[in-house]
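Residue strings, one per chain:
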Amino acid sequence: MTLRRLLSSFCLILCVASTCSAQPAYTVGQYLRDRAVLDRVDSAYKTGDVDLALELHRTLGSNHPVDHFWRAQLIWRTGGAPTDELKKAFDLGYRHIPSATPDSFEVAMMEELRLLEEQAAVKRDVHRIQRCEELIDRDQVLARGEHDEAGNRTNLDTLDALIREAGWPSSFSLTNEYGGSGVAIVLAHQKWDKAHLFGPYQALIEQECMARRETWQVAILTLQQRIRYTARNKTDTIAFSSGALTDDDPALPMVAAISDRLTSNGHRHVWIHATDSTAARAIAQRIVQVQPRITIPQEVLEMLIERGMDHPAPLSMERITLVVDPTLPTDQFLYRMN
């Protein structure tokens, strides 16, 4: 690693150390519970029980603008006033795409949505948002061709500059077109085969997630890219506080990332190395426990299976091999994935 990159990493770590939140931290464990609640909200809404959907939605700890916008719709459909939730959504960076569906929430609230969008737009750092979106555009162009190490490195330099100027660029403020992982997609294409290169960025993203300024899905997607490049090296060890892997355990984001990757790629298998079988089994069980719901349409899933292509699949202990390695520290586990 060059001196410049070391200094950049040091700057990132300083950003993490100086970040604080006025409210309790929003842990990855809370996010995983919220993800399960949103599945129940979706089911209740689809069956016509809007009151139950709203009741469940109010239990969320998430501060994502999309969640505030969705709650506003539920409030409206149950006869309430949605303005407060809409204002929160727009203030956090929500970008509204008008819907032409007759009798929809968007049509009924068209004028208020327009006014709130205009008011929020005045407060946005338009230039910074534009730079972030241009960075993602450049990254996507590179991703469609052969690996361009110099080009990807230049993109990383731009991301570092954005971070030094004003901290991590949250995906909240980007348009829906640039949703998902936001500027973290730049990290996905660096092809780093050393976990410590991801470390400072991941620490910063996680701090922003705990402060509710970024979504945990971005942190988990970043870790999935780390898995993509380091999982076969048998070198990436993860520190954990206890086998219980509670909400704020430092290993839980990686456990969730491993779980998501195994669920979305049904042919994959993971080996969990730990100093004893009890710790290894506890980690493996947590990986199974936090697996996401498979949302791919059934007909698409059947088509992928028929063609012998990789496809999402439920996760069980059968796809996890436990390895006892007494040479590992008692507070670390090592993972490998095919």
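Heads up: the structure comes first, above all this text.
Calculation rules
- Residues numbered from 1 in each chain as written.
- Predicted model: local features only at pLDDT ≥ 70, side-chain atom pairs only at ≥ 80, totals over all residues.
- Heavy atoms only, no water.
- Helix = DSSP H or I, 4+ residues; strand = E, 2+ residues; numbered from the N terminus.
- Buried < 20%, exposed > 50% of the residue type's maximum accessible area, 1.4 Å probe, protein only.
- Contact = heavy atoms within 4.5 Å.
- Areas by Shrake-Rupley, 256 points an atom, 1.4 Å probe, with all protein chains shown as cover.
- Lys, Arg positive; Asp, Glu negative; His and termini not counted.
- Charge placed at Lys NZ, Arg CZ, Asp CG, Glu CD.
- Phe/Tyr/Trp six-rings, centres within 6.5 Å; stacked < 30°, edge-to-face > 60°.
- Pairing = 2+ DSSP bridges.
- Axes fitted to C-alpha atoms, helices over the stretch in contact; angles between N-to-C directions.
- Core = buried A, V, L, I, M, F, W, Y, C linked by side-chain atoms within 4.5 Å.
- Expected span 1.5 Å × (residues − 1).
- Arc of directions from axis to C-beta.
- Salt bridge = Lys/Arg side-chain N within 4 Å of Asp/Glu carboxyl O.

A. Highlighting the overall build of the protein chain. Tallying secondary structure elements over the protein chain gives 15 helices and four strands in all. In terms of its C-alpha atoms, the protein chain occupies a principal-axis envelope of roughly 65 × 45 × 45 Å. Split into buried and exposed, the 338 residues of the protein chain put 49% on the buried side. Put simply, 74% of the contacts in the protein chain that link residues at least 6 apart link residues at least 24 apart. For the protein chain, the accessible area works out to roughly 16700 Å², and carbon and sulfur atoms hold 54% of it. If the 37 positive side-chain charges of the protein chain are averaged to one point and the 45 negative ones to another, these points end up 4 Å apart.

B. Quick look at the packing of aromatic side chains. Counting across every chain of the model gives nine aromatic pairs. An angle of 80 degrees between the planes, with centres 6.5 Å apart, marks the rings of Phe69 and Phe90 as edge-to-face. Of this pair, Phe69 sits in helix H4 (residues 65–77) while Phe90 sits in helix H5 (residues 83–91); the two residues are 21 residues apart in sequence, bridging distant segments of the chain. For the pair Phe69 and Phe90, one class covers both residues: buried. Ring centres of Trp76 and Phe105 lie 5.4 Å apart, and the angle between their planes is 70 degrees; on these two criteria the pair is classed as edge-to-face. Highlighted residues: Trp76 in helix H4 and Phe105 in helix H6 (residues 105–108), separated in sequence by 29 residues.

C. Molecular detail of the sheet that holds strand E4 (residues 332–337). The strand order E1-E4-E2-E3 describes an open sheet built from four strands, whose pairing is mixed. In the strand order of this sheet, the two ends are held by strand E1 (237–239) and strand E3 (320–324), each with one partner. Pairs of neighbouring strands in the sheet enclose a mean axial angle of 25 degrees, with direction left out of account. Sheet analysis places E1 next to E4, joined by three bridges and oriented antiparallel. Looking across to E4, one finds that Ile238 is bridged to Phe333. Sitting on the sheet, helix H12 (residues 216–230) is in contact with E1 and E4, with an inclination near 70 degrees to E4. Sitting on the sheet, helix H14 (residues 277–289) touches strand E2 (270–274), E3 and E4, and the angle it makes with E3 is about 160 degrees.

D. Structural context of the nonpolar core. Residues Leu159, Ile258, Ile272, Ile287, Phe333 and Tyr335 are the most contacted members of the largest nonpolar core, which totals 61 residues. With residues near it in sequence (within four places) discarded, Tyr335 still touches Arg226, Ile227, Thr230, Ala231, Asp236, Ile238, Met254, Ile258, Val270, Trp271 and Ile272. One finds Ala89, Phe90, Tyr94 and Met109 within the second-largest nonpolar core, a separate group that totals 11 residues.

E. Quick peek at helix H7 (residues 110–123). Here H7 spans 21 Å end to end across 14 residues, near enough to the 20 Å set by a 1.5 Å rise per residue. Among the residues of H7, those classed as buried are Leu113, Leu116, Glu117 and Ala120. When H7 is viewed along its axis, its buried side chains cluster within an angular range of 105 degrees and face the same direction. In this structure, the buried residues of H7 make contact with H4, H5 and H6.

F. Region of the structure containing the pairing of E2. For E2, the tally of buried residues reaches four of five residues, placing the bulk of the element in the interior. When E2 meets E3, the two strands line up parallel, connected through five bridges. Bridging from a neighbouring strand, Trp271 pairs with Thr321 of E3. As judged from the four bridges shared by E2 and E4, these two strands associate in the antiparallel manner. Within E4, the position partnered with His273 by the bridge is Leu334.

G. Quick look at the pattern of salt bridges. Inspection of every chain in the model, using the stated rule, returns 16 salt bridges. For the salt bridge of Asp247 with Arg33, the shortest nitrogen-to-oxygen distance reads 2.9 Å. With a gap of 214 residues between them, Asp247 in the loop between E1 and helix H13 (252–264) and Arg33 in helix H2 (residues 28–46) connect regions that are remote in the sequence. The exposure class assigned to Asp247 is partly exposed, which follows from its relative accessible area of 24%. Measuring nitrogen to oxygen at the nearest pair gives 3.1 Å for the salt bridge that ties Lys46 to Asp42.

H. Molecular detail of unusual backbone geometry. Located in the positive-phi region is Lys191, a residue other than glycine, with phi close to 55 degrees. Take Lys191: it is sitting in the loop between helix H10 (185–188) and helix H11 (195–210). For Leu245, which is not glycine, the phi torsion reads 45 degrees and is therefore positive. Among the structural elements, Leu245 can be located in the loop between E1 and H13.

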